[in-house]
Amino acid sequence: MSTSGAREEARARDAADPLRAFRARFALPHDAHGEPLTYLCGHSLGLMPLAARERVLEELEDWANLGVEGHEHARRPWIPYHENLTAGLALIAGGEPSEVIAMNSLTANLHLMLASFYRPQGRRGAILMEAGAFSSDRHAVASQIAWRGLDPEAALIELAPAPGEDTVPEAAIEATLAARGEEIALVLWPGVQFRTGQAFDVARIVRAAHAHGCIAGIDLAHSVGNVPLAMHQSDADFAVWCSYKYLNAGPGAIGGCFVHQRHVDAQPRTRHTGALPGARLAGWWGHEAPTRFLMEPSFQAAAGAAAWQLSNPSILAAAPLLASLSIFSEAGIAPLREKSLALTGFLETQLEPLAADVGIITPREPGRRGCQLSLRIRGGAGRGRQVFEALMKRGVIVDWRAPDIIRVAPVPLYNGFEDAVTFATTLAQVLRA
Ligand SMILES: Cc1ncc(COP(=O)(O)O)c(C=O)c1O
């Protein structure tokens, strides 16, 4: 199809898109001359919902007007502020409200979950994770292993794609567990892989981990707000995420955790136990609200995942998430996924004529990916980097992941089919140049 034909088709699809109106609810970035940019980088930092500014300003106003009284008398009192986020996060993560909590940021939450769920014992001391994991996850895992007095060289098992492959099939995880399951205490796996965009069958990975007596934890950084999730049903023991990507809650926004109800139920609420999976490190915000301010030395855990909170949360880092979650519940997870599949499929089709220069390493089956496509420019990493820089210069915002990947994400809440055409035509121009 000609470029103008593709653009016409894209415009028609945008006009018919039932979610199109949501685009106007986000701040769309411009260049220094006021020209709109084509923003395809929601996998890294989601755009600002316009309502985020209002939610933050409300908190600043309440702080200005009420001072400390805002803890109880702000329009959304700060002491129970996290409760405003629970229903939205439960929807996004596919958990019970009692199983989710907004707190901290991703790596801190991963450490807290590993403190609770990584229980090396005897021969069963290893953690299985992907080779090439996001660096922070690996740092967290390796340091947890070392912190327990074990050797990460021996106790960190990293599963790489087969030679010549970019992705890891679930069967390879099952095979590793079948071969070494008795050594493995915990499996940490991403819901969607950050570099390749591969979406995993979380329930299948959890099933395999449990079948071999391992705890299963999932990093949902690239999954929340991107693919539909059913964390409770999947039976994962825990999950962690950040909210600045597809959840559009702003740089450094408050992160989140899922803790399966069975662990919540298994924990004594009045005692700290160091020897059981799910034992918590505690702080006053995990103490039940009614008696928290009695400041007694004994700990009475809040019900649910809320018991894992340590500190009173940053209200300013949480307010934008409130704005974003209400957009998600308005739009609905199923319609968003439907548009996402169509949009990413459309982008893929637009890239087909460029196949001699551009390889897509993301799985081609729609069920095995979210909205992100990861592209490898043929001709080596140097050429790839040049292409990336040329795209950015022409106002197409994507990102570069070393050693050789350009990541592109048409996000269904604010991207349209025409953005996909703009990306493909600009990429074609850049490649020709
Ligand atoms: C997969 C993954 N893990 C960990 C992190 C680190 O997140 P944070 O800085 O919120 O701890 C990120 C950030 O992008 C990520 O994508």
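Look a little higher up for the structure.
Overview of the structure. Bear in mind that the values here come from a model prediction, so they are computed numbers and not experimental data.

A few points about the overall build of the chain
Counting its secondary structure elements, the chain contains 16 helices and 13 strands. Here the chain has a C-alpha radius of gyration of 22 Å; the compact-globule value for 433 residues is 22 Å, and the two agree. Oriented by its inertia axes, the alpha-carbon framework of the chain measures out at about 70 × 60 × 35 Å. Sorting the 433 residues of the chain into buried and exposed places 55% on the buried side. A separation threshold of at least 6 residues defines the contact pool for the chain, and within that pool the share at least 24 residues apart is 69%.

Some remarks on the environment of Phe117
By the element assignment, Phe117 lies in helix α5 (residues 106–117). Linking Phe117 and Glu288, residues 171 residues apart in sequence, is a C-alpha distance of 22 Å.

Here's the deal with the pairing of strand β13 (residues 405–408)
Burial along β13 is two-sided: Ile405 and Arg407 facing one way and Ile406 and Val408 facing the other are all buried. Inspection of the sheet shows strand β10 (residues 373–377) paired to β13 by four bridges, in the antiparallel sense. In the sheet register, Ser374 faces β13, and the bridge partner there is Arg407. The pairing of strand β12 (residues 399–401) with β13 spans three bridges and is classified as antiparallel. When the bridges of β13 are listed, Asp399 appears paired with Arg407. As consecutive antiparallel partners, β12 and β13 are separated by three residues.

Remarks on helix α2 (residues 50–66)
Compared with an ideal rise of 1.5 Å per residue, which puts 17 residues at 24 Å, α2 spans 25 Å between its outermost C-alpha atoms and is within 8% of the ideal. For α2, the complete set of buried residues consists of Ala52, Arg55, Glu58, Glu59 and Asp62. The buried side chains of α2 occupy one side of the element, clustering within an arc of 125° when seen end-on. Those residues of α2 that are exposed and aimed more than 90 degrees away from the buried face are Arg53, Ala64 and Asn65. Two residues or fewer past α2, Gly67 is found with a positive phi of approximately 55°.

Cut-offs used in this document
- Residues numbered from 1 in each chain as written.
- Predicted model: local features only at pLDDT ≥ 70, side-chain atom pairs only at ≥ 80, totals over all residues.
- Heavy atoms only, no water.
- Helix = DSSP H or I, 4+ residues; strand = E, 2+ residues; numbered from the N terminus.
- Rg over C-alpha atoms; globule rule 2.2 N^0.38 Å.
- Buried < 20%, exposed > 50% of the residue type's maximum accessible area, 1.4 Å probe, protein only.
- Contact = heavy atoms within 4.5 Å.
- Pairing = 2+ DSSP bridges.
- Expected span 1.5 Å × (residues − 1).
- Arc of directions from axis to C-beta.

Nothing here speaks to function; it is geometry throughout.
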